[in-house]
Amino acid sequence: PPLYIITPTYRRPEQLAELTRLGQTLKHVKNLLWLVIEDAYDWHPLVTHILDRIGVPYVYLLAPMPEQYRKGYIPRGVSNRNRGLEYLRANATEGVFYFADDDNTYDISLFEEMRYIQKVGMWPVGLVTSTGVSSPIIRNGKLDGYYDGWIGGRKYPIDMAGFAVSVKFLHERPNAKVPFKTSFEETLFLESLEPLERSDIEYLADECTDILVWHTQSVKNGPAKPFNETLHNDTNLKYLEM
Ligand code: UGA
Ligand code: MN
């Protein structure tokens, strides 16, 4: 079955480096379509350039965050992921999809484990903090709670990188979507997939005892620039045109 990897991305100095690293990881995975979805109003020629060079089958779509959300603690990657769901509803019939942020660190065996998910699969996500991991806790083959640095009253206190869903199951849940509610994106998306029986959820990565994906981030250099002032990419573009 095919894998659909939905990757939100946006313009900032790290973007091309992140996409290069993730793309090189995805090159090791067969039968995969990479949905690269940028939070922007126009396609960036350099993104197209490196996606072509990487050679992983891809679709490059746009999904700008509505301006009303673009202040304070913003709901990152939400419009992008919903655009990915819209694409799947129109174009996919089988397989599994996964929300893979552009900055995380993925072990390629994760992709082969998730490929055969029947409905919903979950697994641990390594955190590079003293918390160490965010994970469902499995005892005697059954869910016995969750471990996370911040439970926050969430029904499914898991990370965006810690689950995948089958396309068929998505088709049975036409109203499922990622909400513009910062920090509650994961739980509310999973809640939008309900009814979700305990037996509908598979726990992968050796019953959640192994870490196959890490929530990482690159160090930001200097203050963040506003959305439309990422001059660095214009500079890169000059090199490309030379
Ligand atoms: C995590 C989750 O993936 C987000 O869904 C959640 O919003 C966030 O935690 C949070 O709770 O604040 P995190 O690593 O903190 O993500 O955020 P980023 O990696 O900066 O962003 C998540 C994804 O959205 C990335 O793929 C990034 O490229 C994309 N993004 C980020 C945008 O498309 N637009 C933005 O303005 C920022
Ligand atoms: Mn991140």
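Predicted, not measured: the structure shown is a model, and the values here were computed from it.

What counts, and where the lines are drawn
Residues numbered from 1 in each chain as written. Chains lettered and ligands numbered in written order. Predicted model: local features only at pLDDT ≥ 70, side-chain atom pairs only at ≥ 80, totals over all residues. Core = buried A, V, L, I, M, F, W, Y, C linked by C-beta atoms within 7 Å. Buried ≥ 20, exposed ≤ 12 C-beta atoms within 10 Å, placed from the backbone. Helix = DSSP H or I, 4+ residues; strand = E, 2+ residues; numbered from the N terminus. UniProt positions renumbered as here; feature names shortened; annotations may be inferred. Contact = placed C-beta atoms within 7 Å. Pairing = 2+ DSSP bridges. Axes fitted to C-alpha atoms, helices over the stretch in contact; angles between N-to-C directions. Near = placed C-beta within 6 Å. Nonpolar A, V, L, I, M, F, W, Y, C, P; charged D, E, K, R; others polar. Expected span 1.5 Å × (residues − 1).

### Description of the nonpolar core
As a rule of thumb, nonpolar side chains are buried together in soluble globular proteins. Counting 48 residues, the largest nonpolar core has Ile 5, Ile 6 and Tyr 98 as its most contacted members. The dominant element in this core, judged by the number of residues it contributes, is strand 2 (residues 32-38), at five residues.

### Here we look at the UniProt feature "active site" (unreviewed entry) in the protein chain
Annotation from UniProt places "active site" (unreviewed entry) at Glu 186. Relative to the elements of secondary structure, Glu 186 occurs in helix 6 (residues 185-191). Residue class for Glu 186 comes out buried when judged on the 21 C-beta atoms lying within 10 Å of it. Beyond its immediate chain neighbours, meaning those up to four positions away, Glu 186 contacts Tyr 156, Ile 158, Asp 159 and Met 160.

### Notes on the UniProt feature "binding site: Mn(2+)" (unreviewed entry) in the protein chain
Those residues carrying the UniProt feature "binding site: Mn(2+)" (unreviewed entry) are Asp 103 in this numbering. With respect to the helices and strands, Asp 103 occurs in the loop between strand 4 (96-99) and strand 5 (105-106). Residue Asp 103 is classed as partly exposed on the basis of its C-beta count, with 19 C-beta atoms lying within 10 Å. In this view, Asp 103 contacts Glu 18, Thr 216, Gln 217 and Ser 218; residues no more than four positions away in its chain are not counted.

### Observations regarding the sheet that holds strand 1 (residues 3-9)
Pairing is mixed in the open sheet, where seven strands are placed in the order 3-2-1-4-10-6-11. Every interior strand has two partners, whereas the edge strands, strand 3 (58-62) and strand 11 (201-203), have only one. On average, each strand axis in the sheet is inclined to that of its neighbour by 20°, with strand direction left out of account. Sheet analysis places strand 6 (residues 120-122) next to strand 11, joined by three bridges and oriented parallel. Counterpart to Val 120 in the pairing with strand 11 is Ile 201.

### A short note on the sheet that holds strand 7 (residues 125-127)
The strand order 5-12-7-8-9 describes an open sheet built from five strands, whose pairing is mixed. Among the strands making up the open sheet, the edge pair consists of strand 5 and strand 9 (142-147). Across four bridges, the pairing between strand 8 (residues 133-139) and strand 9 is antiparallel. By the bridge assignment for strand 9, Ile 138 is matched with Leu 143.

### With respect to the site of ligand 1
Neighbouring residues of ligand 1: 18 residues in total, closest Tyr 10, Asp 39, Arg 76, Gly 77 and Asp 101. In terms of residue class, the shell around ligand 1 is built from six nonpolar, six polar and six charged.

### Observations regarding helix 3 (residues 78-91)
In this model, helix 3 (14 residues) spans 20 Å end to end at C-alpha, consistent with the 20 Å of a helix rising 1.5 Å per residue. Every buried residue of helix 3 is accounted for by Val 78, Ser 79, Asn 80, Arg 81, Asn 82, Arg 83, Gly 84, Leu 85 and Leu 88. Packing partners of the buried residues in helix 3 comprise strand 1, strand 2, strand 3, strand 4, helix 5 (167-171) and helix 6.

### Some words on the pairing of strand 8
Relative to strand 8, strand 7 runs antiparallel, the two sharing two bridges. Looking at strand 8, one finds that Val 125 is bridged to Ser 134. Connecting the antiparallel pair strand 8 and strand 9 is a turn made up of two residues, with Asn 140 showing a positive phi of about 50°.

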